[in-house]
Amino acid sequence: MELKLYDTLTREKRVFTPIDQSRVRMYVCGPTVYDFAHIGNARPVIVFDVLFRLLRQLYGADHVTYVRNITDVDDKINARAAERGVPIRELTDETYKNFKADVAALGCLPPTVEPRATEHIEEMKTLIERLDRSGHAYVGHDHVLFNVPSMPDYGQLSKRPLDEMIAGARVEVAPYKNDPQDFVLWKPSKPGEPAWPSPSGIRTPGRPGWHIECSAMAWKHLGETFDIHGGGIDLVFPHHENEIAQSRCAFHTGVMANTWMHNGFLQVEGEKMSKSLGNFITIHELLADWPGEVVRLNMLRTHYRQPIDWTVKGLEESTKTLDTWYQAVGDVSPSPEVDSIFSAALSDDLNTPAAIARLHQMARPPEVGTTFEAGVSMLGDRTGEDAKRYLKSSAMLIGLLGDTASGRKGKAISISGIDQNAVAGLIEARNAARATKNFKESDRIRDELAAMGVVLKDSKDGTTWEVAR
């Protein structure tokens, strides 16, 4: 099936053709590890996990390399370590561990490679010295800066006017800059900050600028040119613009990545997320109240390029949707294949809303009053167990329905601490009361179970129960 992706650089949706089908390569900017990641950070993690899964489906799991970096040298890290009075490495190790646990709870696969910036200093210095020798960088006051005017087509990704780029760069106005647009590749370290021997003949120990880190790590693990570079829309300028400049000028290539992909912004209950508004939510905090699978589905209900409004109502709707889907599939094993209509939607620039709409169709009986098992559920001639298996395998392609209905219920019961034997006894007593038409006693038992956190479901086949959400 043909995969089409929207390229931010060309502003068009194009058929994706990898440079080498035996090694499809993708780089995504990862977290700066100084604190718990917030839910805005969760969006690119989930979006590009879906793309990673789709690429593995199309080209084979062994033929896709996904690199997501860890920024572990940064001003924010230095400041937070000083604030807490802990060594920088202790802070970054702890934060990285928390990040990995949080994204795993969101159902994300581990990247193929997860490089740390501090482990790639030599590659950064090599790139800086190449840029210096070729006239694309220069030394000033123990800094090495990229010479932006040396690249005539700088700014093609963001397509901003010159004055906007200067204002938007938020870089220090300094006397050692030849041009206001020039940005730092290397800078001297202050006392107590991480420091390494400097490149380009500088005697003062220093540390890398932010932008050169990603260029070096992408080069190390993916080569001079690769297939896909992703991240949040906030990274287009200056970070990704400067990555392109560094990499292209260092290697004299026409592109750094053939396709640039960016996910849209996230706001909370209609407002921009900020600590001052009291709506700043970390992934860790969110997972304390909502299952990771619910968070994941809620994120995917909006197309990745569109802004998303994060609401409690949306999470509640996602919970109900997953309940319905799990009830539909029960405990079946997934099909080795994926529904073609679902796959086509996903292959159209990761159109997850359309793919999810297809899952709704697949889980819905064809006519009111019929059961899932009795109908074809809009799956052609597939019925019963076969239909369930296709629903499950399709959902699993985007990281959903990885559990079974009974397994999911068991986990909910375990977390709740509900005594299953006590529930079974009360249900038996309620059924006996109903049989004798003692509805007052039946209602009393139902209320007692509700107080325990138990929701009853009566059907012609008997009474079942689940943990209240």
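About the cut-offs
Residues numbered from 1 in each chain as written. Predicted model: local features only at pLDDT ≥ 70, side-chain atom pairs only at ≥ 80, totals over all residues. Heavy atoms only, no water. Helix = DSSP H or I, 4+ residues; strand = E, 2+ residues; numbered from the N terminus. Buried < 20%, exposed > 50% of the residue type's maximum accessible area, 1.4 Å probe, protein only. Pairing = 2+ DSSP bridges. Contact = heavy atoms within 4.5 Å. Axes fitted to C-alpha atoms, helices over the stretch in contact; angles between N-to-C directions. pLDDT = per-residue confidence, 0-100.

Here's the deal with the environment of Pro197
Mapped onto the secondary structure, Pro197 falls in the loop between strand S7 (183-188) and strand S8 (206-208). The class of Pro197 is exposed, set by a relative accessible area of 57%. Considering only alpha carbons, one finds Pro197 and Arg358, 161 residues apart in sequence, at a separation of 56 Å.

Quick look at the sheet that holds strand S13 (residues 308-310)
Read across the sheet, three strands follow the order S12-S11-S13 without closing on themselves; strand pairing throughout is mixed. Each end of this open sheet is capped by a strand with a single partner; those strands are strand S12 (271-272) and S13. Taken together, the two bridges between strand S11 (residues 266-268) and S12 define a ladder with antiparallel strand orientation. Paired with Val268 across the bridge in S12 is Glu271. Contacting S11 and S13, helix H9 (residues 292-300) crosses the sheet at an angle of about 145° to S13.

Some remarks on unusual backbone geometry
Residue Pro238 follows Phe237 across a cis peptide bond; omega there is 5°. Mapping Pro238 onto the fold places it in helix H7 (residues 236-251). A positive phi angle, close to 55°, is found at His141, a residue other than glycine. Considering the arrangement of structural elements, one finds His141 in the loop between strand S5 (137-140) and strand S6 (143-146). For His141, a relative accessible area of 59% puts it in the exposed group. Unlike most non-glycine residues, Ser200 shows phi in positive territory, near 55°.

Description of the confidence of the model for the protein chain
Caution applies to low-pLDDT parts of the model: their predicted coordinates are not meant to be read in detail. Of all residues in the protein chain, 91% have pLDDT values of 70 or greater, and the mean over the chain is 91. Residue range residues 367-378 is modelled with pLDDT below 50. Its contacts to residues more than four positions away, or to other chains, number 26 contacts.

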